[in-house]
Number of protein chains: 2
Amino acid sequence: MTFNHNQILELDERFRRNLINSSHGAKTLVLVGSKSKRGVTNLAIFSQIIHIGANPPLVGLLFRPDSVERNTLDNIRSTGEYTIQNVRNSFYKKAHQTSARYAKDRSEFDACGFTEIYFKGFSAPFVGESNVKMGLSLKSETKIKENGTILLIGQIEVLSIEDELLGKDGYIDHFKAETSAGGGLDDYFMLTKLSRLTYAKPDQPINEIKE
Amino acid sequence: MTFNHNQILELDERFRRNLINSSHGAKTLVLVGSKSKRGVTNLAIFSQIIHIGANPPLVGLLFRPDSVERNTLDNIRSTGEYTIQNVRNSFYKKAHQTSARYAKDRSEFDACGFTEIYFKGFSAPFVGESNVKMGLSLKSETKIKENGTILLIGQIEVLSIEDELLGKDGYIDHFKAETSAGGGLDDYFMLTKLSRLTYAKPDQPINEIKE
């Protein structure tokens, strides 16, 4: 089936949302933790996340200002701090539940059954059940003029990984971590290892890295 | 293991690159096709891709201007067109091979063994072996001031999916498509279905969508 731009614009709204959201393949899935000035914690599932750079360590998150993510955006703007951590196969359904529209004074940690934990010197809440966690400080906001979404750039202030997941070369094993991936808006995948591959050079065979 | 910001900055460069690149969990993997003004086609594997919006249908790609991706960026800037398509489990090693530094007049389609195909009215090359493909027109460029990377926003002009992968509600089945996912810079995953979940509402159970 092939759609051109005008045909995409003419599609039923829900069909188009599913289609375009699932058109990229697997997506990163994370839980974003934050806390309001009044002290109410918030937890939201996100797939619009992008690696920006390693040095300095930067992460991008895209927000639609008119959606349920609005609480998270307000909290990040007012406190300057937030957390990002992996969704795991054992709790992807609870992670999905954080996308429900809870009242503003209700914490998704409590409503969805996640454990709030804190790192010294960092005010935003982390998810105890995740095994790859980072705490970020907000560096900048960029408005995407084509549709009004907002790209937040955050700097990693703290990164915590369970010891057994971290390889000697810095690589984090998300298969061992039982990290989940997303598809469109509501589908969830487990990861199965294919392999790690050696650095590619022209006209030389690629090899699997044996661990 | 926990690293704070200063400890991350003091890490060995390669260790840090692996660590930060693998800190998000699973990543979207795509092949980006383009063609130079002189007619040389180019194909490059990317994981820095983000869904921007469904209406209009927009996709973001992040470029480091000093890397091997430079050919792709030059081509997109000069022609205004490019393609994005899924990496599949059957050819992830060939897709990885596109990251080698080939001479500028050599096509990765040829060097890595991919089939160039074209859609009427669209100049950039698609990958015949992919089963979810899109052609995009460049809408804007935004420089990320924190590290000089460049976010390209593209509009989907054509989207082509194998019929058997497209659900009645517009959802594309990437498990059936045998789409691969990435981890850090060199590791590859297959997807295994967990489930699709119903729309989340406060204090109501989530159900699996039966297909």
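Below: a short report on this structure.

1. Description of the interface of chain A and chain B
Each side of the interface is counted separately: chain A has 103 residues, and chain B has 103 residues. Summing the contributions of chain A and of chain B, the shared interface buries around 9,000 Å²; its carbon and sulfur component is 60%. When residues of chain A are sorted by the area they lose upon contact with chain B, His 24, His 51 and Leu 194 of chain A head the list and together hold 9% of the total. Joining chain A to chain B, the criterion identifies 6 salt bridges. Across the pair Arg 106 of chain A and Asp 203 of chain B runs a salt bridge whose closest N-O atoms are separated by 3.1 Å. On the surface where chain A and chain B come into contact, there are 57 residue pairs in polar contact (both at pLDDT 80 or more). Here the element with the most residues in the side of chain A that touches chain B is strand E13 (residues 187–196) of chain A; it accounts for 10 residues. Classifying every residue of the side of chain A that touches chain B by side-chain character gives 47 nonpolar, 34 polar and 22 charged.

2. Let's talk about the relation of the copies chain A and chain B
After a rotation of 180 degrees and a shift along the axis of 0.0 Å, chain A superposes on chain B with an RMSD of 0.0 Å. What the superposition gives is, in effect, a two-fold axis relating one chain to the other. Proximity to the rotation axis, assessed at the C-alpha, singles out Leu 191 of chain A in chain A; its C-alpha lies 2.6 Å from the axis. Taken as a fraction of all interface residues of chain A, those also at the interface in chain B reach 100%, which identifies the copy contact as same-surface.

3. What about the environment of Lys 104 of chain B?
Residue and element names in this part refer to chain B. Here Lys 104 is to be found in the loop between helix H4 (92–97) and helix H5 (108–112). A relative accessible area of 61% means that Lys 104 is categorised as exposed. In sequence terms Lys 104 and Ile 8 are 96 residues apart; their C-alpha atoms lie 35 Å from each other. Those residues within four positions of Lys 104 in sequence are excluded, and the remaining contacts are Val 40, Asn 71 and Asp 74.

4. Some points on the pairing of E13 of chain A
All names here are of chain A. The sheet contact formed by strand E12 (residues 180–182) and E13 spans 3 bridges and is antiparallel. Within E13, the position partnered with Ser 180 by the bridge is Met 190. A loop of 4 residues connects E12 with E13, the two strands running antiparallel in sequence.

5. What about helix H2 (residues 13–21) of chain A?
Those residues of H2 of chain A that sit buried are Phe 15, Arg 16, Asn 18, Leu 19, Ile 20 and Asn 21 of chain A. The opening residue of H2 of chain A, the one whose side-chain oxygen lies 3.2 Å from the backbone nitrogen of Arg 14 of chain A, is Asp 12 of chain A.

Rules used in this analysis
Residues numbered from 1 in each chain as written. Chains lettered and ligands numbered in written order. Predicted model: local features only at pLDDT ≥ 70, side-chain atom pairs only at ≥ 80, totals over all residues. Heavy atoms only, no water. Contact = heavy atoms within 4.5 Å. Buried area = accessible area lost by both parts, 1.4 Å probe. Salt bridge = Lys/Arg side-chain N within 4 Å of Asp/Glu carboxyl O. Polar contact = N/O pair within 3.5 Å; in protein donor to acceptor, adjacent residues only side chain to side chain. Helix = DSSP H or I, 4+ residues; strand = E, 2+ residues; numbered from the N terminus. Nonpolar A, V, L, I, M, F, W, Y, C, P; charged D, E, K, R; others polar. Least-squares fit on C-alpha atoms with pLDDT ≥ 70 in both. Buried < 20%, exposed > 50% of the residue type's maximum accessible area, 1.4 Å probe, protein only. Pairing = 2+ DSSP bridges.

Functional significance is not addressed by these values, which are geometric in nature.
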